[in-house]
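# Structural overview
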Amino acid sequence: KRVLEWSEDGDSFVVRDKAVLERDVLPRHFSVRCKFMSFVRKLYRWGFRQVDKSERDIMIFTHANFVRGDKQRCLMMRSVVKRQGPPSQQIQ
């Protein structure tokens, strides 16, 4: 059974086993203590969206620039970080 795989059309990827992903895959690519939900937050920060929430055992994520076989589009991906305004002035 695969832990991660591309969807048939190649425009999304499927997480099939969250526990194995967290235990075996994430520590190789992120910090040793990276939990599955931290990985999901990282995906959201990079603009990925979960596309099918009806399945309980799997999660499917997509991004317009994350397409199987198209490495050039991956270069267009950017982290979506909310910029904070200037620090508020303290009232004395």
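This report concerns the structure included in the present document. Owing to the predicted nature of the structure, the values given are computational and were not obtained by experimental measurement.

Before going further, it helps to spend a moment on the overall build of the chain. Of regular secondary structure, the chain possesses three helices and four strands. Listed by position from the N terminus, the elements making up the chain come as β-β-α-α-β-β-α. Looking at the chain as a whole, 27% of its 92 residues are labelled buried. Looking at the chain as shown, the accessible area adds up to about 7,500 Å², and 50% of this sits on carbon and sulfur atoms.

With that out of the way, let us pick up the pattern of salt bridges. Side-chain pairs of opposite charge can arise where the charged atoms are in close proximity. Enumeration according to the criterion identifies two salt bridges in this entry. Where Arg 23 meets Asp 24, a salt bridge forms, and the shortest distance between an N and an O atom there is 3.0 Å. We classify Arg 23 as exposed; its relative accessible area is 55%. Of the residues examined, Asp 24 reaches a relative accessible area of 32% and is grouped as partly exposed.

Our focus in this paragraph is the sheet that holds strand 2 (residues 12-15). The strand order across the open sheet formed by four strands is 1-2-4-3, and the pairing between neighbours is antiparallel. Each edge of the open sheet is held by one strand with a lone partner, namely strand 1 (4-6) and strand 3 (49-50). Summarising the sheet, strand 2 and strand 4 (residues 59-62) pair through four bridges and their orientation is antiparallel. Residue pairing in the sheet places Val 14 in a bridge with Ile 60 of strand 4. Across the sheet, helix 2 (residues 36-45) lies against strand 2, strand 3 and strand 4, angled at about 25° from strand 4, the strand it touches most.

Moving on to helix 1 (residues 18-29). The complete set of buried residues in helix 1 reads Val 20, Leu 21, Val 25 and Leu 26. Viewed along the axis of helix 1, the buried residues span an arc of 150°, placing them on a single side of the element. Exposed and oriented more than 90 degrees from the buried face of helix 1 are Ala 19 and Arg 23. For helix 1, the side-chain oxygen to backbone nitrogen distance between the N-cap and Ala 19 is 3.3 Å, and the N-cap itself is Asp 17.

The rules behind the values
- Residues numbered from 1 in each chain as written.
- Predicted model: local features only at pLDDT ≥ 70, side-chain atom pairs only at ≥ 80, totals over all residues.
- Heavy atoms only, no water.
- Helix = DSSP H or I, 4+ residues; strand = E, 2+ residues; numbered from the N terminus.
- Buried < 20%, exposed > 50% of the residue type's maximum accessible area, 1.4 Å probe, protein only.
- Areas by Shrake-Rupley, 256 points an atom, 1.4 Å probe, with all protein chains shown as cover.
- Salt bridge = Lys/Arg side-chain N within 4 Å of Asp/Glu carboxyl O.
- Pairing = 2+ DSSP bridges.
- Contact = heavy atoms within 4.5 Å.
- Axes fitted to C-alpha atoms, helices over the stretch in contact; angles between N-to-C directions.
- Arc of directions from axis to C-beta.
- Polar contact = N/O pair within 3.5 Å; in protein donor to acceptor, adjacent residues only side chain to side chain.

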